[in-house]
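Next come the chains, spelled out residue by residue.
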Amino acid sequence: MDDGALLEAARDVLASNDVGGWTKPASHQYPHQWNWDSALIAIGLSWFDPDRAQAEVRSLLRGQWSDGMVPHIIYAPRSAGYFPPAEFWQTQGNRAVPAGVRTSGITQPPILATAVRAIHQRAPDAGFLREVYPSLLAWHRWLFRERDPAGEGLACIVHPWESGMDNSVCWVGVLAAMDPIDVPPYRRGDTIHVGPDQRPTDTEYDRYVYLADLLRKAEYDQTTVLASSPFLVEDVLFNAILQRANEDLRALAAELGEPTEEVEGWLVRTKDAFRRKLWDEDRGLFLDYDVRSRRSIQENSVGTFAPLYAGLAGESEARRLVGEHLLNPAEYAPEGGSRYFVPTASKESPHWDGRRYWRGPVWVNGNWLVIRGLQRYGYPELAAQIRSQTLELVATAGFREHFDPGNGEGCGASNFSWSAALVIDLLMSPG
Ligand code: DGY
């Protein structure tokens, strides 16, 4: 398929998942609006329909809680089959929840400010900026106030679903150390349309439900949650995305003539914390930190490259990430039995599984983050190689949710919206 046909096909996927003002990630598997999905979708839409991209952002912000939190799911009014359903979260009656909108009670990687800047760059609209800027600022303030009360510059996540990479190798040890008691009864819906071998296990789902139940019991009071949640992590990917979003928020503030000092303070603190706390000099990797057990999580996942996308790595750290890890065939680079960049986890991980969701498959958003990071740090040839492999995967296997790095076979949901949106971005902006 040539680039023109691929672009058309990507636009068709977004159109087919458009439910009027917002976009489903995939038609059967994910029938609601997801937070980071919509932000990535808006980046794709910004290239050919900035009004529709603005609508995607507005629609997501309908679900913003009055304390600033932007939830990970905004539920469609009449859509059944997905677990957990809206009522599972027991957020009704919580005073922070907006009236007339049903949402989850947790958040997701904050890419939205980056999407808003992308939309504004392609179709400058000061009115739109002025409208959404306070909501973006309120969300970032919530992250630093409620999830980083000590002011370290790193926001904690309290559930694997908040990481976006639900069953990452990074969470294996943390979840195994948990003893989920009184798990409320539930029935999974995610293995109806996608094979169980490509989804998290029942053992993991028990822990997801257990953790969500603890959040419900705490009535989403973040002080209680931070004091008690057995899952409390400073995640490299989440915080790198936040850092990049803060760079974009600062640019938007400057354009609006708003003060930038607060955002600049966050940028400085986060940069310092990445070097001080998340960089592992022995291994040459950025690693997540388990706040509950006060230990670095020694798992090597694609998140380790996200600091490149956010400008958080020094030159020598970047060299080590690329030279020792990304280009290492035992970890991330193609070699005999594994043809494609960039698996979600190092192939050396004992938990690696090339077809199971975030345990190994190649994701378009993971590759996109790596490509943008390599371009930022002056590795244009490697970025171009990963870009062309990403386009080849999609052109051959379709706009699948993720791909087996061994043979490129498509896995998970079909016609997956962010695979389409980011292919549009890669085609329109090769770098
Ligand atoms: C899912 O259902 O797999 C989602 O990632 C949860 O947000």
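Quick caveat: nothing in here was measured; it's all calculated off a predicted structure.

Participant: Please give an account of the overall build of the chain that cites residues and values.
Facilitator: A count of helical and extended segments in the chain gives 16 helices and 10 strands. Its C-alpha radius of gyration of 20 Å places the chain within 12% of the 22 Å reference for a compact globule of 431 residues. Each principal axis of the C-alpha atoms in the chain carries an extent, and together these give about 55 × 50 × 45 Å. Counting over 431 residues, the chain shows a buried share of 63%. Long-range contacts, defined here as pairs at least 24 residues apart, represent 71% of the contacts in the chain between residues at least 6 apart. Of the roughly 15600 Å² of accessible surface on the chain, 48% is carried by carbon and sulfur atoms. Placing the 42 positive and 57 negative side-chain charges of the chain at their respective mean positions leaves the two points 2 Å apart.

Participant: I'd like a description of the pattern of salt bridges, backed by residues and values.
Facilitator: Close approach of charged atoms allows side chains of opposite charge to pair. Scanning the model with the defined rule gives 27 salt bridges in all. The closest approach of N and O atoms between Glu56 and Arg52, which form a salt bridge, is 2.9 Å. With Glu56 and Arg52 both in helix 3 (residues 50-61), this residue pair falls 4 residues apart, about one helical turn. The class for Glu56 is buried, based on a relative accessible area of 0%. Under the relative-accessibility criterion, Arg52 is labelled buried at 11%. The salt bridge partner of Glu204 is Arg359, with a shortest N-O separation of 2.5 Å. Within this pair, whereas Glu204 is found in helix 8 (residues 202-217), its partner Arg359 is found in the loop between helix 13 (315-326) and helix 14 (364-376), the two being separated by 155 residues in sequence. One connected set of salt bridges, linked through shared partners, spans Arg188, Asp190, Arg199 and Asp202.

Participant: Pulling in residues and values, what's your account of helix 11 (residues 261-278)?
Facilitator: Its 18 residues place the ends of helix 11 25 Å apart at the C-alpha level, agreeing with the 26 Å of an ideal helix rising 1.5 Å per residue. Listed in full, the buried residues belonging to helix 11 are Val263, Gly265, Trp266, Leu267, Thr270, Ala273, Phe274 and Leu278.

Participant: Quick rundown of the site of the ligand? Include the residues and the values.
Facilitator: The local shell around the ligand consists of Tyr30, Trp34, His72, Tyr82, Trp161, Asp166, Arg199 and Tyr357. Side-chain polar atom of Tyr82 to an oxygen atom of the ligand: 2.5 Å apart, as the coordinates give it. One nitrogen or oxygen atom from the side chain of Arg199 is found 2.8 Å from an oxygen atom belonging to the ligand. Taken together, the residues of the shell around the ligand break down into 5 nonpolar, 1 polar and 2 charged.

Participant: Can you break down the side chain of Gln33 residue by residue, with the values?
Facilitator: As for its position among the elements, Gln33 is in strand 1 (residues 33-34). A distance of 3.4 Å separates a polar side-chain atom of Gln33 from the backbone oxygen of Glu56. Beyond its immediate sequence surroundings of up to four residues, Gln33 is in contact with Trp22, Ser38, Glu56, Ser59, Leu60, Arg62, His72, Ile73 and Ile74.

The rules behind these values
Residues numbered from 1 in each chain as written. Predicted model: local features only at pLDDT ≥ 70, side-chain atom pairs only at ≥ 80, totals over all residues. Heavy atoms only, no water. Helix = DSSP H or I, 4+ residues; strand = E, 2+ residues; numbered from the N terminus. Rg over C-alpha atoms; globule rule 2.2 N^0.38 Å. Buried < 20%, exposed > 50% of the residue type's maximum accessible area, 1.4 Å probe, protein only. Contact = heavy atoms within 4.5 Å. Areas by Shrake-Rupley, 256 points an atom, 1.4 Å probe, with all protein chains shown as cover. Lys, Arg positive; Asp, Glu negative; His and termini not counted. Charge placed at Lys NZ, Arg CZ, Asp CG, Glu CD. Salt bridge = Lys/Arg side-chain N within 4 Å of Asp/Glu carboxyl O. Expected span 1.5 Å × (residues − 1). Near = heavy atom within 4 Å. Polar contact = N/O pair within 3.5 Å; in protein donor to acceptor, adjacent residues only side chain to side chain. Nonpolar A, V, L, I, M, F, W, Y, C, P; charged D, E, K, R; others polar.

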